[in-house]
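Coordinate inspection notes
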Amino acid sequence: IRLQRTQAEDLTARRAPDVEQVTAWRELGQSLFRTSDLAGAREALGRTGPACQQPRGEALQALCLGVVLDRALIDKFEGRLDVAQAAADPLPAALSSLPGTGNDLADAYELLAQIRDLRNQPDEARAYFEKALALRRQQWGEGSVRLAQVHYRFGRMLWNLRHLQQAEAEMNAAWQT
């Protein structure tokens, strides 16, 4: 994390291209999120503000939408569902219009599924999770351990929604992988 912070600060000080700066700050924010430093993650993602206010070019637009997604994940984790949902709802349409955003698009669908699940909106939750699962299957292939983890999360959500037969099928798909 120290190395990532040093790199991001150096890129900012050198006025490197916006794509490089946003990438570095986003990667730092994601690392801090994984270590449960939510305040640090927010601060790092906040450093992308100047470049993301009026992003120029598809690559920078895609990165800035990824920053919005990362902030929404933090909001959901902190229980701020209204804020997370407001940020995440427009992401699928925006991300699907840009090349190279498949990973963020799948993450956005999964985030929306989790939010809908927490709000007791089972039909919407399921539809979003199925979209995420379809994208992950295309990205990673059937034998991927990461896909098995998505099947497992989907199975848990279905179990919570009392769709027991479908939950069991998803858990079996995870186990088979």
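Up top is the structure these notes are about.
Described in the following lines is the structure provided in the data block. (Residues numbered from 1 in each chain as written. Predicted model: local features only at pLDDT ≥ 70, side-chain atom pairs only at ≥ 80, totals over all residues. Heavy atoms only, no water.)

1. With respect to the environment of Asn160
The topology assignment puts Asn160 in helix α10 (residues 145-160). Note on Asn160: relative accessible area 52%, which makes it exposed. Linking Asn160 and Leu38, residues 122 residues apart in sequence, is a C-alpha distance of 27 Å. (Helix = DSSP H or I, 4+ residues; strand = E, 2+ residues; numbered from the N terminus. Buried < 20%, exposed > 50% of the residue type's maximum accessible area, 1.4 Å probe, protein only.)

2. Focus: the state of the cysteines
Within this structure, the stated rule accounts for 1 disulfide. Shown here is the disulfide that connects Cys52 with Cys64, its sulfur atoms set 2.0 Å apart. Between Cys52 and Cys64, the S-S torsion sits near -80 degrees, and that sign places the bridge as left-handed. One end of the pair, Cys52, is in helix α4 (residues 49-52); the other, Cys64, is in helix α5 (residues 58-77), and 12 residues separate them in sequence. Here the two residues Cys52 and Cys64 agree in accessibility, since each one is buried. (Disulfide = S-S within 2.5 Å.)

3. Examining the packing of helix α8 (residues 102-118) against helix α9 (residues 122-140)
Where α8 meets α9, the axes come as close as 8 Å, and the angle between the chain directions of the two elements is 155 degrees. For the element pair α8 / α9, the angle class is roughly antiparallel. Helix-helix and strand crossings are classified by hand; for α8 and α9 the assignment is left-handed. Listed contacts from α9 to Gly102, Asn103, Leu105, Ala106, Asp107, Tyr109, Glu110, Leu112, Ala113, Arg116 and Asp117 of α8 are Glu124, Ala125, Tyr128, Phe129, Lys131, Ala132, Leu135, Arg136 and Gln139. (Axes fitted to C-alpha atoms, helices over the stretch in contact; angles between N-to-C directions. Parallel < 35°, antiparallel > 145°, perpendicular 65-115°, else oblique. Left-handed = near helix turned anticlockwise from the far one by under 90°. Contact = heavy atoms within 4.5 Å.)

4. Some thoughts on the packing of aromatic side chains
One pass over the structure, following the stated rule, counts 3 aromatic pairs. The interplanar angle of 75 degrees and the centroid separation of 5.8 Å between the aromatic rings of Phe33 and Phe77 together place this pair among those described as edge-to-face. Pair noted here: Phe33 is in helix α2 (residues 18-34) and Phe77 is in helix α5, with a separation of 44 residues, a long-range link. (Phe/Tyr/Trp six-rings, centres within 6.5 Å; stacked < 30°, edge-to-face > 60°.)

5. Concerning the layout of surface pockets
Approximately 580 Å³ is the volume found for the largest pocket. Around the largest pocket sit 19 residues that line it, and Phe33, Arg34, Asp70, Leu73 and Asp107 are the ones nearest its centre. Counting residues per element, the ones that place at least two in the lining of the largest pocket are α2, α5 and α8. The class makeup of the residues in the lining of the largest pocket is 7 nonpolar, 4 polar and 8 charged. Approximately 210 Å³ is the volume found for the second largest pocket. Considering the residues around the second largest pocket, the lining is formed by Lys76, Gln114, Asp117, Leu118, Phe129, Arg153, Arg156, Met157 and Asn160. Those elements that provide at least two residues to the lining of the second largest pocket are α8 and α10. Split into classes, the residues belonging to the lining of the second largest pocket amount to 3 nonpolar, 2 polar and 4 charged. (1 Å grid on protein atoms, 1.4 Å probe; cavity = no way out; pocket = protein on both sides within 12 Å on 5 of 7 lines; lining within 4 Å. Points joined across faces, edges and corners; volume = space filled by probe spheres on them. Nonpolar A, V, L, I, M, F, W, Y, C, P; charged D, E, K, R; others polar.)

6. Structural notes on the pattern of salt bridges
Summed over the entire model, instances satisfying the criterion amount to 16 salt bridges. The salt bridge involving Arg26 is made with Asp104; its shortest N-O contact spans 2.9 Å. With Arg26 in helix α2 and Asp104 in helix α8, this pair connects stretches of sequence that are 78 residues apart. Per residue, the accessibility class of Arg26 equals that of Asp104, and both read buried. Its salt-bridge partner being Arg42, residue Asp75 comes within 2.3 Å of it at the nearest N-O pair. With a gap of 33 residues between them, Asp75 in helix α5 and Arg42 in helix α3 (residues 38-46) connect regions that are remote in the sequence. The network of salt bridges with common partners includes Arg42, Asp75, Glu78 and Arg80. (Salt bridge = Lys/Arg side-chain N within 4 Å of Asp/Glu carboxyl O.)

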